[in-house]
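Chains, contacts and geometry: an overview
In case you want the letters, here they are:
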Amino acid sequence: MSLSGYDYFDIGVSKEYIAMDKWRTIVCKQYTIVCKQYTIVCKQYVFTLIQGSFMKKITQLTLIASLFALPSSVYANWFGAIGYNHLNDTVEIESNLNVFDVDSKAITISLGYQYNFNETFSTSAEFSFGHAISDGQTEDIRYSDLIERVNIELDSTAKFSIMTQYQLNPSLFLFVAPVYSKIEYKSQGFQLNSNNKWQLGAEIGVGYQFKNNMGLAISYEGIDDAKIISAKLKYHF
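Residues numbered from 1 in each chain as written. Predicted model: local features only at pLDDT ≥ 70, side-chain atom pairs only at ≥ 80, totals over all residues. Heavy atoms only, no water.

What follows covers the layout of surface pockets. Within this model, the largest pocket holds a volume of roughly 460 Å³. Among the residues making up the lining of the largest pocket, the classes are represented as five nonpolar, 13 polar and two charged. (1 Å grid on protein atoms, 1.4 Å probe; cavity = no way out; pocket = protein on both sides within 12 Å on 5 of 7 lines; lining within 4 Å. Points joined across faces, edges and corners; volume = space filled by probe spheres on them. Nonpolar A, V, L, I, M, F, W, Y, C, P; charged D, E, K, R; others polar.)

This part covers the nonpolar core. Grouped together as the largest cluster of nonpolar side chains are 16 residues, with contacts concentrated most on Leu87, Val91, Ile152, Leu154, Ile183 and Tyr185. Elements represented by at least two residues in this core include exactly strand E1 (78–92), strand E2 (99–116), strand E5 (146–167), strand E6 (172–187) and strand E9 (226–236). Of all hydrophobic cores here, the second largest spans five residues; its members include Phe173, Phe175, Ala177 and Ala217. (Core = buried A, V, L, I, M, F, W, Y, C linked by side-chain atoms within 4.5 Å. Buried < 20%, exposed > 50% of the residue type's maximum accessible area, 1.4 Å probe, protein only. Helix = DSSP H or I, 4+ residues; strand = E, 2+ residues; numbered from the N terminus.)

A few words on the pattern of salt bridges. By the definition in use, this model includes five salt bridges. The closest approach of N and O atoms between Lys159 and Glu203, which form a salt bridge, is 3.3 Å. With Lys159 in strand E5 and Glu203 in strand E7 (residues 198–209), the pair connects residues that are 44 residues apart, well separated along the chain. Classification of Glu203 as buried rests on a relative accessible area of 5%. Put simply, Glu221 and Lys159 hold a salt bridge, and the shortest N to O gap is 3.3 Å. Of the two residues, Glu221 is situated in strand E8 (residues 214–223) and Lys159 in strand E5; the sequence distance between them amounts to 62 residues. The residues Glu221 and Lys159 share a single accessibility class, namely buried. Here the residues in one salt-bridge network are Lys159, Glu203 and Glu221, joined through shared partners. (Salt bridge = Lys/Arg side-chain N within 4 Å of Asp/Glu carboxyl O.)

Before going further, it helps to examine the environment of His131. Within the secondary structure, His131 sits in strand E3 (residues 121–132). Note on His131: relative accessible area 48%, which makes it partly exposed. For the pair His131 and Leu154, spaced 23 residues apart in the sequence, the C-alpha separation amounts to 8.2 Å. If we ignore the near neighbours within four places in the chain, the residues touching His131 are Lys105, Ala106, Ile107 and Asp155. (Contact = heavy atoms within 4.5 Å.)

Okay, the pairing of E5 next. In this structure, E3 lies alongside E5, joined through eleven bridges in antiparallel fashion. Along E5, the bridge assignment pairs Ser128 with Lys159. Relative to E6, E5 is paired through 13 bridges, and the arrangement is antiparallel. What sits directly across from Thr164, in E6, is Val176. Following E5, the chain reverses through four residues before pairing antiparallel with E6. (Pairing = 2+ DSSP bridges.)

Take empty space enclosed by the protein next. One pass over the full model with this rule turns up four cavities of 30 Å³ or more. Volume-wise, the largest cavity comes out at about 160 Å³. Lining the largest cavity are 19 residues, and of these Asn85, Thr108, Ser128, Lys159 and Glu221 lie nearest its centre. For the lining of the largest cavity, the elements supplying multiple residues, two or more each, are E1, E2, E3, E5, E6, E8 and E9. Counting residues per element, the lining of the largest cavity draws most heavily on E9, at four residues.

In structure tokens:
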């Protein structure tokens with residue numbers, strides 16, 4: 001039986017469709033394989049996250065348990081302190097035409113941890129917070145071609161320090177520390193252009209140990225324009 005030209009054309013087109021279907025089938029299978037591999041990777045990632053979270057919790061519990069397992073002699077390195085600060089600082093309000101020297105007083109409380117390298121050298125990390133006990137001072141300021149009176153007062157202080165201590169003898173010691181401090185002032189309705197921000201500074205001082213767990217420290221601290229003289233009573237737990 002002979003085939004016409006149209007029949008040959010139909011057979012050719014049919015073969016092309018069959019080839020295209022096979023190609024689509026191969027592509028779909030490859031896509032399915034990729035999707036399965038992606039699913040496996042996702043499952044492995046989720047498992048890793050769960051495993052990491054679990055290990056993190058185990059680590060935290062281990063650290064807490066280790067803390068409670070420490071001997072009581074280690075706890076003696078924790079200390080607290082209460083102190084008195086006298087501050088002299090330069091405060092700028094509204095513009096550089098209004099710059100004043102401000103004297104303030106504050107009571108501070110501190111918490112820290114001391115590590116002893118040997119009988120001579122030790123280091124400690126300490127955080128302290130102070131609250132003003134002075135009323136501030138009243139100054140005349142220039143504002144929009146007017147002169148107004150404003151009360152400038154200390155609000156609070158905060159400080160983090162890493163102290164290195166040198167023991168001159170069993171009772172007397174010297175110390176020096178870089179500090180990261182914030183001294184916050186407030187005024188009635190006027191913008192402070194300086195202060196009220198964290199700044200780097202330095203502290204140097206001398207101390208006297210009354211007993212094994214109690215001592216007195218006196219220091220001088222400089223932070224930008226601020227000069228701070230402080231005295232604090234330390235108690236080792």
